[in-house]
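Listed here are the chains, written in short residue letters.
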Amino acid sequence: MIEKRVATAAEALADVKNGSTVLVGGFGQIGHPMALIDGLIEQGAKDLVVVCNNAGVGRSGLPRLMYLGRVRKIVCSYPRTAAVFSELYAAGKLELEIVPQGTLVERIRAAGAGIGGFFTRTGAGTLLAGGKETREIDGLPYVFEKPLKGDVALVEAWEADRWGNLTYRGSGANFNPVMATGAVVTIAQAQRVVELGDIAPERVTTPSIFVNRVVAVPYEYPYPAIEY
Amino acid sequence: MRAAAERMVGPELENRRAIAASVARDIPEGWHVNLGIGIPTLVSDLVPEGREVLIQSENGILGMGPAPDDENADPWLINAGKQTVTLLKGASLFDHATSFAMIRGGHIDLCVLGALEVAENGDLANWSTSANDTAPAVGGAMDLATGAKRIWVAMDHTTKQGKSKLVSACAYPLTAAGVVKRVYTNLGVIEVTARGFELRDTAPGVTFENVQAHTDARLYRFGVAD
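Computed from a predicted structure; not experimentally measured. (Residues numbered from 1 in each chain as written. Chains lettered and ligands numbered in written order. Predicted model: local features only at pLDDT ≥ 70, side-chain atom pairs only at ≥ 80, totals over all residues. Heavy atoms only, no water.)

(A) Molecular detail of the overall build of chain A. When its secondary structure is counted, chain A shows six helices and 12 strands. At 18 Å, chain A has a C-alpha radius of gyration in line with the 17 Å of a compact globule built from 228 residues. In terms of principal-axis extent, the alpha carbons of chain A reach across some 55 × 40 × 30 Å. In chain A, of all internal contacts separated by at least 6 residues, the share reaching a separation of at least 24 is 71%. Carbon and sulfur atoms make up 51% of the accessible area of chain A, which amounts to about 9,400 Å² in all. Averaging the positions of the 23 positive and the 23 negative side-chain charges in chain A gives two centres separated by 4 Å. (Helix = DSSP H or I, 4+ residues; strand = E, 2+ residues; numbered from the N terminus. Rg over C-alpha atoms; globule rule 2.2 N^0.38 Å. Contact = heavy atoms within 4.5 Å. Areas by Shrake-Rupley, 256 points an atom, 1.4 Å probe, with all protein chains shown as cover. Lys, Arg positive; Asp, Glu negative; His and termini not counted. Charge placed at Lys NZ, Arg CZ, Asp CG, Glu CD.)

Spelled out as structure tokens, the structure:
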């Protein structure tokens, strides 16, 4: 019997190694796997490279992981959401790779789909094209971007079953379905864990093949509800 | 982050709503539109009654409706500014890869963005104030500026210090080169054409000379030869 459900975040995260690249889903706090991040804080892995659209909010979650000195580098499109990030970055204690949002998701998609990189017009002629290969295609400038693969992806789903099929709620899909494809090990926290077959096949957004572990984390509302 | 424009009250908010209303009036039925943070966010509530315009949000929404009242807010449904929103009948939800295929693939008819500077050749600077920014953040601005079919900018004509945001050449790092087609400010509406800034319309009580005095580049009268 295939059983991807694990009892706790601690069990799901036990083998995360120092120096891992960790893809973290969510846009703002929606679809953002707070329980898994808390679990990573407890687990103790350090020297991490965190890939997430934002740098978290307030002092818990990613800001706490950064504050504890466990993050070496953050790869982000819009990190200016947490004061902790700005302080550590200004103090030279955190590396930052700033990536346009569409390029960020496409780099992860490329990693998950076995694509060795792609040319995009986004960023051409800007500071973010610095040091990258450029090419003119049909008269327009393009920048070459490489795939971005995670050792671990932490995603948040609305429903999950024991095979690892996932659904999302509202705007909670965002980076999650792509990140689920882009890492060696994908761990999902799900608000509702349901029986096999309870999710109609047409509603499965992330097929089970992309998911390795499922942790049930029922909670009432996204945390913090709407803080910033 | 609550959009700065929405925290404002009194004349400043009214001023910004007037700019946003002017943008909203010019959006034809059927367009797919992405709205940036700040004044552009105000546009969605000001589209004339009965006109069907589909507002896209980069985090995976097509067909956003008006802001909810507190009671009916769904905390799982937010826009790019992280504010709760509603959906129109016919709306769809999707992941970031699909969202940025819409944006980067040229499917978005219009993106309305705020700006730090717009140059007379259409260059846009709206993400960073220096090459040594203390905390740079680009979000989806470069994808939108490059990928949407057309870019309009909605912004105050000058900075709080009175410096023109319409310039002959951008001093700040570019978001994208040569993309801005039109600029809406508190002073008027400016088309960006092959010869530079052309003033198409002015706010009530504002003259061509007023706008030129606050513009750090040559201003032309729209459609009028030198």
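(B) Geometry of the nonpolar core. Ranked by internal contacts, the top residues of the largest apolar core, which has 59 residues, are Val118(B), Leu124(B), Val180(B) and Val183(B). When sequence neighbours within four positions are dropped, the list of residues in contact with Val180(B) reads Val118(B), Gly122(B), Asp123(B), Leu124(B), Ile151(B), Val153(B) and Val192(B). (Core = buried A, V, L, I, M, F, W, Y, C linked by side-chain atoms within 4.5 Å. Buried < 20%, exposed > 50% of the residue type's maximum accessible area, 1.4 Å probe, protein only.)

(C) Representation of a nonpolar patch on the surface. Residues and elements named next belong to chain A. A contiguous nonpolar surface patch, about 260 Å² in accessible area, is contributed by Ile2, Trp163 and Leu196. In this fold, Leu196 is placed in the loop between strand E11 (183-193) and strand E12 (213-216). Judged by relative accessible area, which is 32%, Leu196 ranks as partly exposed. (Patch = residues over 30% accessible without salt bridge, like charges linked within 9 Å, V, L, I, M, F, W, Y side chains within 5 Å. Salt bridge = Lys/Arg side-chain N within 4 Å of Asp/Glu carboxyl O.)

(D) Highlighting the sheet that holds strand E1 (residues 32-35) of chain B. Residue and element names in this part refer to chain B. Sheet architecture is open: 10 strands sit in the order E4-E3-E2-E1-E5-E8-E10-E11-E12-E13, paired in mixed fashion. Where the open sheet ends on each side, the last strands, each with one partner, are strand E4 (87-93) and strand E13 (219-221). Sheet twist, expressed as the average angle between the axes of neighbouring strands with direction ignored, equals 30 degrees. Judged from the three bridges that link them, strand E3 (residues 61-64) and E4 form a sheet pairing that is antiparallel. By the bridge assignment, Ile61 is partnered in E4 with Leu93. (Pairing = 2+ DSSP bridges. Axes fitted to C-alpha atoms, helices over the stretch in contact; angles between N-to-C directions.)

(E) Layout of the pairing of strand E2 (residues 21-24) of chain A. All names here are of chain A. Residues of E2 alternate between two faces, with Thr21 and Leu23 on one and Val22 and Val24 on the opposite face, all of them buried. Here E2 runs beside strand E3 (residues 48-51); their pairing, made up of three bridges, is parallel. Bridge pairing links Val22 to Val50 in E3. Taken together, E2, helix H2 (residues 34-43) and E3 constitute a β-α-β crossover, and its handedness is right-handed. In the sheet, E2 pairs with strand E9 (residues 150-160) via three bridges, with the strands oriented parallel. Residue pairing in the sheet places Val24 in a bridge with Leu154 of E9. (Right-handed = clockwise from strand over helix to strand, strands pointing away.)

(F) The arrangement of the interface of chain A and chain B in detail. Opposite the 47 residues of chain A that make contact, chain B presents 38 residues. The junction of chain A with chain B conceals about 3,500 Å² of combined surface from both sides, 65% of it contributed by carbon and sulfur atoms. Summed over the shared surface of chain A and chain B, the result is one salt bridge. In this structure, Arg169(A) and Asp74(B) form a salt bridge, with 3.5 Å as the shortest nitrogen-oxygen distance. Counting the contacts that link chain A with chain B gives 17 residue pairs in polar contact (both at pLDDT 80 or more). (Buried area = accessible area lost by both parts, 1.4 Å probe. Polar contact = N/O pair within 3.5 Å; in protein donor to acceptor, adjacent residues only side chain to side chain.)

(G) Up close: the packing of aromatic side chains. Applying the stated criterion to the full structure yields six aromatic pairs over all chains. Between Phe119(A) and Phe144(A), the aromatic rings sit 5.1 Å apart at their centres with planes inclined by 55 degrees, giving tilted as the arrangement. Pair noted here: Phe119(A) is in strand E6 (residues 118-120) and Phe144(A) is in strand E8 (residues 140-145), with a separation of 25 residues, a long-range link. Taking 5.5 Å as the distance between ring centres and 75 degrees as the angle between the ring planes, the aromatic pair formed by Trp158(A) and Trp76(B) counts as edge-to-face. Residue Trp158(A) is located in strand E9, and its partner Trp76(B) is located in the loop between E3 and E4; the two belong to separate chains. Here Trp76(B) falls in the buried class, since its relative accessible area comes to 4%. Connected via pairs of aromatic rings, a cluster forms that spans Trp158(A), Tyr219(A) and Trp76(B). Over the aromatic face of Trp158(A) sits the side chain of Arg169(A), whose NZ or CZ is 4.8 Å from the ring centroid. (Phe/Tyr/Trp six-rings, centres within 6.5 Å; stacked < 30°, edge-to-face > 60°. Lys NZ or Arg CZ within 6 Å of the ring centre and 35° of its normal.)

(H) View of helix H5 (residues 101-113) of chain A. Its 13 residues give H5(A) an end-to-end C-alpha distance of 18 Å, which sits within 8% of 18 Å, the value for a rise of 1.5 Å per residue. In the stretch just after H5(A), Gly114(A) is the one whose phi turns positive, near 70 degrees. (Expected span 1.5 Å × (residues − 1).)

(I) Structural detail: the pairing of strand E7 (residues 134-137) of chain A. All names here are of chain A. Both E7 and E8 contribute to a ladder of four bridges, which runs antiparallel. Pairing of Thr134 across the sheet is with Val143, part of E8. The hairpin formed by E7 and E8 contains two residues between the paired strands, and Asp138 there has a positive phi angle of roughly 50 degrees.

(J) Inspection of the confidence of the model for chain B at higher detail. When pLDDT is averaged along chain B, the result is 92, and 93% of the positions lie at 70 or above. Across residues 1-6 of chain B the pLDDT falls below 50, and counting only partners more than four positions away or on other chains, this stretch makes 21 contacts in the model. (pLDDT = per-residue confidence, 0-100.)

(K) Layout of the sheet that holds E7(A). Residue and element names in this part refer to chain A. One open sheet accounts for three strands, arranged E6-E8-E7; its pairing is antiparallel. Among the strands making up the open sheet, the edge pair consists of E6 and E7. Averaged over all pairs of adjacent strands, the angle between strand axes in this sheet comes to 40 degrees, irrespective of strand direction. In the sheet, E6 pairs with E8 via three bridges, with the strands oriented antiparallel. Pairing of Phe119 across the sheet is with Phe144, part of E8. Running over the sheet, H5 touches E6 and E8 and is turned about 165 degrees from E6.

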